[in-house]
Amino acid sequence: MKSSEITDIIKSLQINPNEISDKKSAETIRILLQIIEKLTEEVQALKTELQKTRDELNQLKGEKGKPKISISKPKSTDFSSEKDRKSHTPPSEKKSKEKLSKIKIDATEVCPIDKSTLPGDARFKDYDPVVVQEITIKTKNTLYLKEVYHSPSQHKTYTAELPKGVEREFGHGGF
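Residues numbered from 1 in each chain as written. Predicted model: local features only at pLDDT ≥ 70, side-chain atom pairs only at ≥ 80, totals over all residues. Heavy atoms only, no water.

Caption draft 1: Geometry of the overall build of the protein. Each helix and strand in the protein was counted, giving 4 helices and 2 strands. A buried classification covers 3% of the 175 residues belonging to the protein. Taking all contacts inside the protein whose residues are at least 6 apart in sequence as the whole, residues at least 24 apart take part in 23%. As displayed, the protein has an accessible area near 18400 Å², and 55% of this comes from carbon and sulfur atoms. (Helix = DSSP H or I, 4+ residues; strand = E, 2+ residues; numbered from the N terminus. Buried < 20%, exposed > 50% of the residue type's maximum accessible area, 1.4 Å probe, protein only. Contact = heavy atoms within 4.5 Å. Areas by Shrake-Rupley, 256 points an atom, 1.4 Å probe, with all protein chains shown as cover.)

Caption draft 2: Structural context of the pairing of strand E2 (residues 156–159). In this sheet, E2 lies alongside strand E1 (residues 148–151) in antiparallel orientation, the contact comprising 4 bridges. Considered in E2, the bridge of Tyr-149 is made with Tyr-158. Here E1 hands over to E2 after 4 residues, with His-155 in that stretch at a positive phi of 50 degrees. (Pairing = 2+ DSSP bridges.)

Caption draft 3: How the structure looks around the packing of helix H1 (residues 3–13) against helix H2 (residues 23–60). One way to put it is that H1 packs onto H2 with a least axis distance of 9 Å and a crossing angle of 165 degrees. Between H1 and H2, the interaxial angle falls into the category roughly antiparallel. Seen from above, H1 lies across H2 with right-handed handedness. Contacts between H1 and H2 involve Ser-3, Ile-6 and Ile-10 from the former and Leu-33, Ile-36, Thr-40 and Gln-44 from the latter. Partitioning the contact of H1 with H2 into residue classes produces 4 nonpolar, 3 polar and no charged. (Axes fitted to C-alpha atoms, helices over the stretch in contact; angles between N-to-C directions. Parallel < 35°, antiparallel > 145°, perpendicular 65-115°, else oblique. Left-handed = near helix turned anticlockwise from the far one by under 90°. Nonpolar A, V, L, I, M, F, W, Y, C, P; charged D, E, K, R; others polar.)

Caption draft 4: Expanded view of the side chain of Thr-40. Topologically, Thr-40 is positioned in helix H2. We classify Thr-40 as buried; its relative accessible area is 12%. Residues within four places of Thr-40 in sequence aside, it is in contact with Ser-3 and Ile-6.

Caption draft 5: Focus on the pattern of salt bridges. Tallying each qualifying case throughout the model produces 2 salt bridges. Ionic pairing is found between Glu-27 and Arg-30, a salt bridge with its closest N-O pair at 3.4 Å. Remark: Arg-30 and Glu-27 occur in helix H2; sequence separation between them is 3 residues, near one turn of the helix. Note that Lys-104 and Asp-106 form a salt bridge whose closest N and O atoms lie 2.6 Å from each other. Accessibility assignment for this pair places Lys-104 and Asp-106 in one class, exposed. (Salt bridge = Lys/Arg side-chain N within 4 Å of Asp/Glu carboxyl O.)

Caption draft 6: A look at the environment of Arg-30. Residue Arg-30 is classed as partly exposed on the basis of its relative accessible area, which comes to 31%. The spatial distance from the C-alpha of Arg-30 to the C-alpha of Asn-18 is 9.2 Å, given a sequence separation of 12 residues. Other than its neighbours up to four places away in sequence, Arg-30 contacts Pro-17 and Asn-18.

Below is the structure:
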């Protein structure tokens, strides 16, 4: 039961301690009403805290908590016309041309056409560029032969160090 519901019920009882002739009973009713009000506030605070704790627990479990729904207002009522929304060049062509200018080309290969399939009057006009992107992952395993010396007089072995940047079994990788 919500605190507002409890308040409404108490008001509907129409209890006015000032109208009670017995002072002891009037004071008792005042105290009881204050206790009810205070307990109702505490229950509401505990419910709020419990919901926060449940949401946090669900979040720690990887679940989603209670959604926060806010009322959104449209930013603008200025909608463009159909003519303004359509552009002359399809978006895919725009993006690919912009993208091509930013891509570093490592190698260029010409793809020849089988000239026997062409008519006799066909003349070379241009190339149709197509960029193919690949990611290559290579291994570079190096065997380091660390020199090892032994001194019989000192009963000690001396071993060379690996080059700087090489630790245990993994190099710096050029990162």
